[in-house]
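What the coordinates show
Each chain, letter by letter, is given below.
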Amino acid sequence: MTCWYEGPLAAFDTETTGVDVETDRIVSAAVVVQDAPGTRPRMSRWLVNPGVPVPAGATAVHGLTDEYLQRTGRWPSPVMEEIARALGEQAVRGVPLVVMNAPFDLTLLDRELRRHRDGPLERWLGSAPLRVLDPRVLDKQLDRYRKGRRTLTDLCAHYAVVLDEAHDAGADALAALEVVRAVGRRFASRLERLTPAELHALQTQWHAAQARGLQAWFARSGTPEEVDPSWPLRPELPAAA
C-alpha cells in the first residue's frame, strides 16, 4: 500500500499585503497538485487587485506593486471563490493539502471569503473535510530539539529541497509539498502507519503544544505578543459590541 507521502498531494500558498489575517489581503495565490513524486505538478495561479494599498514592506517581500496589481490583478470576489472551489475539489478527492503555516494562509482565505463572498471557507468544502499537512508543525514535532529557524527557506535547506523564486506563491507551494514528502520519508517509521486524517488530528494537538511553548518563551522574555493555539484555521473574532 502506498504511503500518503508517496501518493497524491496538493499545496496552497498566498502572498499578501501584510501579516494580520483579520485585516490584510491576498494579492496572489497558487494551488499545486502532484499525483506522485517526480510527476509533473499541475499549478493554478491567481493575481488579485486587493482594493487596498500594498505597503512597500510587502512589495519588498514578494515584488508585487500597486501599479502592477491594478493593471493585471482580478477583483477579489471571483478569485476567492475559485480558490475555495479548487481546495474543495481536492478535499472531495481525499487529497491531503500541504499548507506551510496553515493558520495564516487558511485563515486569511477564510476572512477574504467572508469579506467578498459573505461566507466562510467551510461553505465551499461541503461535507469533505480538509486534511492539512503543515511542514512547519510536522518538522517541529518530529525534530523538536534541532536548533535554528524553521521558515520555508530553512526547511528547504534542511531537507535538500530546491526553492526557486522564494515568495512566489507557486514556487513556495511546490517547495512546501516537496518538504512534506521529505519529512515523510525521513520519519517514515513514525508516520507511515498514520493516515492523513489521523495526522491532521494530531497536528491540532502538536500545534497547540508548540504555541504554549512559544507563549511561555515570550512571557519569560517580556514580549507581550499573543500566540494563537488554533490550527489549521483560527476562529472568527467576535463582532464588536
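Residues numbered from 1 in each chain as written. Predicted model: local features only at pLDDT ≥ 70, side-chain atom pairs only at ≥ 80, totals over all residues. Heavy atoms only, no water.

1. Remarks on helix α7 (residues 169-186)
With 18 residues, α7 ought to run about 26 Å at 1.5 Å a step, and its terminal C-alpha atoms sit 26 Å apart, in line with that. Where burial is concerned, most of α7 is hidden: 14 out of the 18 residues are buried. Looking at where α7 begins, the residue whose side-chain oxygen comes 3.1 Å from the main-chain nitrogen of glycine 170 is aspartate 168. (Helix = DSSP H or I, 4+ residues; strand = E, 2+ residues; numbered from the N terminus. Expected span 1.5 Å × (residues − 1). Buried < 20%, exposed > 50% of the residue type's maximum accessible area, 1.4 Å probe, protein only. Polar contact = N/O pair within 3.5 Å; in protein donor to acceptor, adjacent residues only side chain to side chain.)

2. Some remarks on the packing of helix α5 (residues 135-142) against helix α9 (residues 196-221)
At a closest axis distance of 10 Å, the pairing of α5 and α9 adopts a crossing angle of 70°. In terms of their interaxial angle, α5 and α9 are classed as roughly perpendicular. Contacts between α5 and α9 pair Val137, Leu138, Lys140 and Gln141 from the former with Leu199, Gln203, Trp206, His207 and Gln210 from the latter. Across the contact of α5 with α9, the residue classes break down as 4 nonpolar, 4 polar and 1 charged. (Axes fitted to C-alpha atoms, helices over the stretch in contact; angles between N-to-C directions. Parallel < 35°, antiparallel > 145°, perpendicular 65-115°, else oblique. Contact = heavy atoms within 4.5 Å. Nonpolar A, V, L, I, M, F, W, Y, C, P; charged D, E, K, R; others polar.)

3. Considerations on the sheet that holds strand β5 (residues 132-133)
Read across the open sheet, the 5 strands follow the order β3-β2-β1-β4-β5; overall the sheet is mixed. With partners counted over all chains shown, the strands left at the sheet margins are β3 (42-47) and β5, one partner each. When strand β4 (residues 97-98) meets β5, the two strands line up parallel, connected through 2 bridges. Residue pairing for β5: valine 98 is matched across the bridge by leucine 133. Along the sheet, helix α3 (residues 76-93) makes contact with β1 (9-16), β2 (26-34), β3 and β4, crossing β2 at roughly 25°. Packing of α7 onto the sheet brings it into contact with β1, β2, β3, β4 and β5, and relative to β1 it is tilted by some 140°. (Pairing = 2+ DSSP bridges.)

4. Topic: the pattern of salt bridges
Side chains carrying opposite charge are able to pair once their charged atoms draw close together. Scanning all chains against the criterion turns up 17 salt bridges. A salt bridge links arginine 85 to glutamate 81, with the nearest nitrogen and oxygen atoms 2.7 Å apart. Of the two residues, arginine 85 and glutamate 81 are both situated in helix α3; the distance of 4 residues between them amounts to about one turn of the helix. With a relative accessible area of 47%, arginine 85 lands in the partly exposed category. Judged by relative accessible area, glutamate 81 falls into the buried class, the value being 16%. Several salt bridges share partner residues, and in doing so they unite Glu22, Asp110, Arg111, Arg114 and Glu236 into one network. (Salt bridge = Lys/Arg side-chain N within 4 Å of Asp/Glu carboxyl O.)

5. Describing the environment of threonine 2
Within the secondary structure, threonine 2 is located in the segment before β1. Along the chain, threonine 2 and threonine 151 lie 149 residues apart, while their C-alpha atoms are 29 Å from each other.

6. A few points about the nonpolar core
Within the largest apolar cluster, 62 residues are counted, with the highest numbers of intra-cluster contacts made by Phe12, Leu106 and Leu109. Of all the elements, α7 adds the most residues to this core, at 8 residues. When residues no more than four places from it in sequence are discounted, the contact partners of leucine 109 are Phe12, Ile26, Met80, Ile83, Leu87 and Leu121. Val54, Ala58, Leu64 and Leu69 belong to the second largest nonpolar core, which has 5 residues in total. (Core = buried A, V, L, I, M, F, W, Y, C linked by side-chain atoms within 4.5 Å.)

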